[in-house]
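Read off the chains here:
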Amino acid sequence: MTSRASHLAVATFAGTPFVRRKERNEMVAKCFFGMMAAAMIVPLILIVGYIVVQGWPLLSWEFLTTNPRGGGVRGGVWSALIGTLYLVGFSLLISAPIGVLAAVYLNEYARDNWFTRVVNLAVVNLAGVPSIVHGLFGLGAFVYFANLNEGKKSIIAAALTLAVMTLPVIIASTKEALSSVPVSFREACWNVGATRWQTIWRIVLPNSISGILTGVILQVSRTAGETAPVMLTGVTTWKMIESTGWLLYHPVKDQCMALSMHLYYIATQASGAPKALPFAIATVLVGAVVLVNATAIIFRIYLRSRKKW
Amino acid sequence: MSTASLAKPQPQEGSPTMAGPPHGITTRDLCLWYAKFQALKNITVRIRHGIITSLIGPSGCGKTTFLRCLNRVNERYGYVTTQGEIQIHGKNIYDADVSLIELRKQVGMVFQRPNPLPISIYENVVFGLRIHNEKKASRSELDAAVEKSLTEVGLWNDLKDRLQARATSLQLEQQQKLCIARLLPLKPDLILMDEPCSSLDVEGTRAIEELMRELRGRYTIVIVTHNMAQARRASDECIFMLLGELVEHSRTEDLFLSPKDSKTADYIEGRYG
């Protein structure tokens, strides 16, 4: 007893060599992980910075609003920019409502049976299919089989292809957002006799809308950047539209240009293009995506601010 | 329609525990399986109208399952099968013509963790009215319902000046009272409580028990509790369940003072559970 008491009295909380080793490991781990996190930012800054700096001499309002001339090596990117906006816009117009509603069904209504499991499995696998495969599917299904433009490529075929490609990802991200709403909220609703729809409309959707939007927004950048699927189904290297006025009529049964395809063409096929041109096109592409994302984020903030809390 | 047959009988005057009051809930040979596991075994019980009945028993004895049968909320999960009969005010709630929406309107439930909806206090209370009224209720009707319900649960004086505050920002005890208040505008016959005090402190528990006593007589209350002392304090009748079976059902004081079954006696003396 006495020895124990004296032992207590001399407690100094001094670190042993083992403790010091643990502390050192802790430091090393922290630095290592921190460096990895920083390593993510560095390429982003380098790539975007390099592109913008290289493309800077050519960037101007003119560059955006004039059509390419002289085989693409002179002039701007107007037709390609509009083509990309059309493709992204139409594909999201198709895939966002279908994807969100399908996810609502899968998450809120579907019982856990073999059918639901097969659908969920299909969603996951479809999300992993390479985009060129989607392109080939679109070519077969929308260009040749559905014959939307007499066997030729069209904006609508490309938009449908992009929609098929983004659909599973939108479903997956929407489901994620919906299932982050606690089950207790749903139970509270059911137990006062709310139908599933009333529960979804009044409680589940308002509490998951920003997550759903985030998932949809992320698909904007993905669809804008895709080249392979649209190349096969609706995008061509040379198809001008008039650059007059803001109310644009671009027949959806026609083909169009797209920034991603234009960039590929200029960088690899066109001879005599100024060195800054591909970088300028890339800057416009990145800028367009950032702009759309920013708009969506502002919309999200607006939705949140409408709630009183 | 089921509405008519589930209509509330006239409340009896005088002490509801005396002989005579109608039976609020009658079950016959109620069995329930979670997939292959049988959670309820031939439960036959009559629960009186207008009093507080407590369900006690060790974890996993099926008391919560039984409670969740009474508004058929168990069926939300696909692997549940139910057999037997539950009559509420003489109507078998498993009949084909029973609307789950009407049933749950009249059989409200309060949960272990208070679960106010992430909307304002006001909207929480009128939520039921909003989803059940065919035409939009007028502002004054809603205001009246809020005042009445919050007064009934004793929250009106504390909250009347901040009805637009977010319900989830209230203290737990107030949240739980609000969850009870949320049921009242629908004029339920039956209030089911699943361990309503288990996330509350001593004061909160006392407040909820007092509230139960206030509501007694107007509503049939069935409460699941882990806390034997609470069952003893707060209920008129008591049901002891074990391994999915109903072991004993009698007046609370009889059950605790002179249990008929030796398993009940062992449980209330704390030999297991």
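Residues numbered from 1 in each chain as written. Chains lettered and ligands numbered in written order. Predicted model: local features only at pLDDT ≥ 70, side-chain atom pairs only at ≥ 80, totals over all residues. Heavy atoms only, no water.

## Some points on the overall build of chain B
So, point 1. Scanning chain B from terminus to terminus reveals 11 helices and 10 strands.
So, point 2. Against the compact-globule benchmark of 19 Å for 273 residues, chain B has a radius of gyration of 18 Å, which places it among compact chains.
So, point 3. Each principal axis of the C-alpha distribution contributes one length, and for chain B these read about 55 × 45 × 40 Å.
So, point 4. Sequence-distant contacts in chain B: of pairs separated by 6 or more residues, those separated by 24 or more amount to 69%.
So, point 5. Carbon and sulfur atoms provide 48% of the accessible area of chain B, an area that totals close to 11,900 Å².
So, point 6. In chain B, 35 side chains carry a positive charge and 33 a negative one; their mean positions are 3 Å apart. (Helix = DSSP H or I, 4+ residues; strand = E, 2+ residues; numbered from the N terminus. Rg over C-alpha atoms; globule rule 2.2 N^0.38 Å. Contact = heavy atoms within 4.5 Å. Areas by Shrake-Rupley, 256 points an atom, 1.4 Å probe, with all protein chains shown as cover. Lys, Arg positive; Asp, Glu negative; His and termini not counted. Charge placed at Lys NZ, Arg CZ, Asp CG, Glu CD.)

## Brief notes about the overall build of chain A
So, point 1. In terms of helices and strands, chain A carries 12 helices and two strands.
So, point 2. Secondary structure elements of chain A occur, N-terminal to C-terminal, as α-α-α-β-β-α-α-α-α-α-α-α-α-α.
So, point 3. By the compact-globule yardstick of 19 Å for 309 residues, chain A is too spread out, its C-alpha radius of gyration being 27 Å.
So, point 4. Along the first, second and third principal axes, the C-alpha set of chain A runs to 100 × 60 × 40 Å.
So, point 5. Buried positions account for 39% of the 309 residues belonging to chain A.
So, point 6. The long-range share in chain A, meaning contacts at least 24 apart out of those at least 6 apart in sequence, stands at 77%.
So, point 7. For chain A, the exposed surface amounts to about 17,600 Å²; the carbon and sulfur share of it is 70%.
So, point 8. In chain A, 25 positive and 11 negative side-chain charges are present, and the distance between their average locations comes to 7 Å. (Buried < 20%, exposed > 50% of the residue type's maximum accessible area, 1.4 Å probe, protein only.)

## Structural notes on the sheet that holds strand β10 (residues 245–251) of chain B
All names here are of chain B.
So, point 1. Here we have six strands laid out as an open sheet, ordered β6-β7-β8-β3-β9-β10, and mixed in their pairing. The open sheet terminates on both sides in strands that have one partner only, identified here as β6 (107–110) and β10. Pairwise comparison of adjacent strand axes, ignoring direction, gives a mean angle of 20° for this sheet.
So, point 2. Here strand β7 (residues 190–194) runs beside strand β8 (residues 220–224); their pairing, made up of five bridges, is parallel. Looking across to β8, one finds that L192 is bridged to V222.
So, point 3. The sheet contacts of helix α7 (residues 172–183) involve β6 and β7, and relative to β6 the element is tilted by about 170°.
So, point 4. Running over the sheet, helix α8 (residues 202–215) touches β3 (52–56), β7 and β8 and is turned about 150° from β8. (Pairing = 2+ DSSP bridges. Axes fitted to C-alpha atoms, helices over the stretch in contact; angles between N-to-C directions.)

## Overview of the nonpolar core
So, point 1. Formed by 80 residues in total, the largest nonpolar core has its most connected members in I121, F127, L150 and I191 of chain B.
So, point 2. Here the element with the most residues in this core is helix α9 (residues 196–225) of chain A; it accounts for eight residues.
So, point 3. Those residues within four positions of I121 of chain B in sequence are excluded, and the remaining contacts are L150, L159, R162, L163, A165, A167, L170 and L178 of chain B.
So, point 4. Core analysis: the second largest hydrophobic core is formed by 29 residues, I25, C61, V224 and M241 of chain B among them. (Core = buried A, V, L, I, M, F, W, Y, C linked by side-chain atoms within 4.5 Å.)

## Quick word on the domain arrangement of chain A
In many analyses, interface size is given as the accessible surface area lost on bringing the parts together.
Residue and element names in this part refer to chain A.
So, point 1. Per the domain assignment, the segments of chain A are domain 1 (15–58) and domain 2 (61–306).
So, point 2. Centre-to-centre separation of domain 1 and domain 2, based on C-alpha positions: 32 Å.
So, point 3. Listed by partner, the interface residues are seven residues for domain 1 and nine residues for domain 2.
So, point 4. When residues of domain 1 are sorted by the area they lose upon contact with domain 2, I51, Q54 and L58 head the list and together hold 71% of the total.
So, point 5. At the surface where domain 1 touches domain 2, the tally comes to zero salt bridges.
So, point 6. Taken together, the links from domain 1 to domain 2 amount to one residue pair in polar contact (both at pLDDT 80 or more). (Domains from an automatic or database assignment. Buried area = accessible area lost by both parts, 1.4 Å probe. Salt bridge = Lys/Arg side-chain N within 4 Å of Asp/Glu carboxyl O. Polar contact = N/O pair within 3.5 Å; in protein donor to acceptor, adjacent residues only side chain to side chain.)

## Some details on the packing of aromatic side chains
All names here are of chain A.
So, point 1. This model, assessed by the stated rule, comprises 10 aromatic pairs over all chains.
So, point 2. Seen from their ring centres, Y50 and F279 are 5.4 Å apart, and the 90° between their planes marks the pair as edge-to-face. Placement of the pair is Y50 in helix α2 (residues 17–55) and F279 in helix α12 (residues 276–306), with a sequence separation of 229 residues.
So, point 3. Between W114 and F115, the aromatic rings sit 6.2 Å apart at their centres with planes inclined by 90°, giving edge-to-face as the arrangement.
So, point 4. On the accessibility criterion, W114 (64% relative accessible area) is exposed. (Phe/Tyr/Trp six-rings, centres within 6.5 Å; stacked < 30°, edge-to-face > 60°.)

## A closer look at the packing of helix α6 (residues 131–145) of chain A against helix α7 (residues 155–179) of chain A
Residue and element names in this part refer to chain A.
So, point 1. Following both chains from N to C, one finds α6 and α7 inclined at 135°, their axes separated by 9 Å at the closest point. Overall, the two elements α6 and α7 adopt an arrangement that is oblique. Here α6 runs over α7; the crossing is right-handed. Taking contact as the criterion, the partners of S131, H134, G135, F137, G138, F142 and V143 in α6 are, on α7, A157, L160, T161, V164 and M165.
So, point 2. For the contact of α6 with α7, a count of residues per class yields seven nonpolar, five polar and no charged. (Parallel < 35°, antiparallel > 145°, perpendicular 65-115°, else oblique. Left-handed = near helix turned anticlockwise from the far one by under 90°. Nonpolar A, V, L, I, M, F, W, Y, C, P; charged D, E, K, R; others polar.)

## A closer look at the interface of chain B and chain A
So, point 1. Across the contact, 30 residues belong to chain B and 19 residues belong to chain A.
So, point 2. For the pair chain B and chain A, the two sides together bury roughly 2,200 Å², of which 60% comes from carbon and sulfur.
So, point 3. Of all residues in chain B, R76, P118 and I131 of chain B give up the largest surface area on contact with chain A, accounting jointly for 29% of the area buried on that side.
So, point 4. The tally of links from chain B across to chain A stands at one salt bridge.
So, point 5. Between R68 of chain B and E187 of chain A there is a salt bridge whose closest N-O contact spans 3.1 Å.
So, point 6. Taken together, the links from chain B to chain A amount to five residue pairs in polar contact (both at pLDDT 80 or more).
So, point 7. Of all the secondary structure elements, the ones that give two or more residues to the side of chain B that touches chain A are α3 (100–106), β6, α4 (121–132) and α7 of chain B.

## A word on the pattern of salt bridges
All names here are of chain B.
So, point 1. For the structure shown, the criterion picks out 20 salt bridges over all chains.
So, point 2. For R271, the salt bridge is made with D266, and the minimal N-O distance between the two is 2.5 Å.
So, point 3. Here R271 falls in the exposed class, since its relative accessible area comes to 56%.
So, point 4. For R271, the salt bridge is made with E269, and the minimal N-O distance between the two is 2.6 Å. An identical accessibility class is assigned to R271 and E269; each is exposed.

## Things to note about the environment of I51 of chain B
Residue and element names in this part refer to chain B.
So, point 1. Along the chain, the position of I51 falls in the loop between β2 (37–48) and β3.
So, point 2. Taking the relative accessible area as the measure of exposure, I51 reaches 0% and is therefore buried.
So, point 3. With 27 residues separating them along the chain, I51 and G24 place their C-alpha atoms 9.3 Å apart.

## Quick word on the layout of surface pockets
So, point 1. Counted as a void, the second largest pocket has a volume near 440 Å³.
So, point 2. Lining the second largest pocket are 17 residues, with N107, A110 and R196 of chain A together with R76 and Y77 of chain B positioned closest to its centre.
So, point 3. Those elements that place two or more of their residues in the lining of the second largest pocket are α4 (78–109) and α8 (183–190) of chain A.
So, point 4. Residue composition of the lining of the second largest pocket, grouped by class: eight nonpolar, three polar and six charged. (1 Å grid on protein atoms, 1.4 Å probe; cavity = no way out; pocket = protein on both sides within 12 Å on 5 of 7 lines; lining within 4 Å. Points joined across faces, edges and corners; volume = space filled by probe spheres on them.)

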